[in-house]
Amino acid sequence: MEKVRICPVCKEKLTGRIDKVYCSAECRSAADYEKRRTEEALFFKIDKQLKVNRKVLKRYNRVGMTKLRQEVLLKEGFNPNYFTHYWKNQKGDVYLFVYDYGFLKLKEQNKDKYLIIEWQEYMEKKA
């Protein structure tokens, strides 16, 4: 007995070719549009958070290097899970960067802090 195939968009019964997924060009287009909209929404969410992170880091790093309590940054909307790249110094510390501002998580006097730095030319990898 043949399995009844259903269009995932409008739930109509499919007829015709066995590999047919949508009942019409309109349903295929609607499915493609929804897929793109979902993917773009994720992109915009990530991009927005990266912009917030950079803005917060820039606001508090006026002299090139600053230490700040973690709670201050988090209160401003900073999310350390969003960054663009990283840099590892000679000591093995890994700084996470949001474009041109980097941060390193520290623990001082039992308090979580971040060391905020600005990208420097010497950080470029030499080939």
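Our structure is the block above this text.
Residues numbered from 1 in each chain as written. Predicted model: local features only at pLDDT ≥ 70, side-chain atom pairs only at ≥ 80, totals over all residues. Heavy atoms only, no water.

Novice: Tell me about the overall build of the protein, and please be specific about residues and values.
Specialist: A count of helical and extended segments in the protein gives two helices and five strands. Going from the N terminus to the C terminus, the protein shows its helices and strands as α-β-α-β-β-β-β. What you see for the protein is a C-alpha radius of gyration of 24 Å, clearly larger than the 14 Å of a compact globule of 127 residues, by over 25%. Taken along the three principal axes of its C-alpha coordinates, the protein extends 70 × 40 × 25 Å. (Helix = DSSP H or I, 4+ residues; strand = E, 2+ residues; numbered from the N terminus. Rg over C-alpha atoms; globule rule 2.2 N^0.38 Å.)

Novice: Give a detailed account of the nonpolar core, specifying residues and quantitative values.
Specialist: Among the nonpolar cores identified, the biggest contains 13 residues, and Leu57, Leu73, Phe78 and Phe103 are the most heavily contacted of them. Taken together, the elements giving at least two residues each to this core come down to helix 1 (25–60), helix 2 (70–75), strand 4 (101–108) and strand 5 (111–118). Per-element accounting of this core gives the leading share, three residues, to helix 1. Excluding its chain neighbours within four sequence positions, the residues that come into contact with leucine 73 are Val56, Leu57, Tyr60, Leu68, Phe78, Tyr114 and Ile116. Counting residues in each nonpolar core, the second largest holds seven residues, with Phe97, Leu104, Leu115 and Ile117 among its members. (Core = buried A, V, L, I, M, F, W, Y, C linked by side-chain atoms within 4.5 Å. Buried < 20%, exposed > 50% of the residue type's maximum accessible area, 1.4 Å probe, protein only. Contact = heavy atoms within 4.5 Å.)

Novice: Please set out unusual backbone geometry residue by residue, giving values where relevant.
Specialist: A negative phi angle characterises most non-glycine residues, just as the trans form characterises most peptide bonds. Although it is not a glycine, tyrosine 99 adopts a positive phi angle of roughly 60°. Topologically, tyrosine 99 is positioned in the loop between strand 3 (94–98) and strand 4. On the basis of relative accessible area, tyrosine 99 is assigned to the partly exposed category, the value being 39%. Residue asparagine 110 is not a glycine yet carries a positive backbone phi of 60°. Within the secondary structure, asparagine 110 is located in the loop between strand 4 and strand 5.

Novice: An account of the pattern of salt bridges is requested, with residue identities and associated values reported.
Specialist: Evaluation of the coordinates by the stated rule reveals nine salt bridges. A salt bridge links glutamate 34 to arginine 37; the nearest nitrogen and oxygen atoms lie 2.9 Å apart. Of this pair, glutamate 34 and arginine 37 both sit in helix 1, three residues apart, roughly one helical turn. Classification of glutamate 34 as partly exposed rests on a relative accessible area of 38%. When its relative accessible area of 43% is taken as the criterion, arginine 37 is described as partly exposed. As a salt-bridge pair, lysine 67 and glutamate 108 come within 2.5 Å of each other at their nearest N and O atoms. Of this pair, lysine 67 sits in strand 1 (residues 65–69) while glutamate 108 is found in strand 4, placing the two residues 41 residues apart along the sequence. On the accessibility criterion, lysine 67 (46% relative accessible area) is partly exposed. (Salt bridge = Lys/Arg side-chain N within 4 Å of Asp/Glu carboxyl O.)

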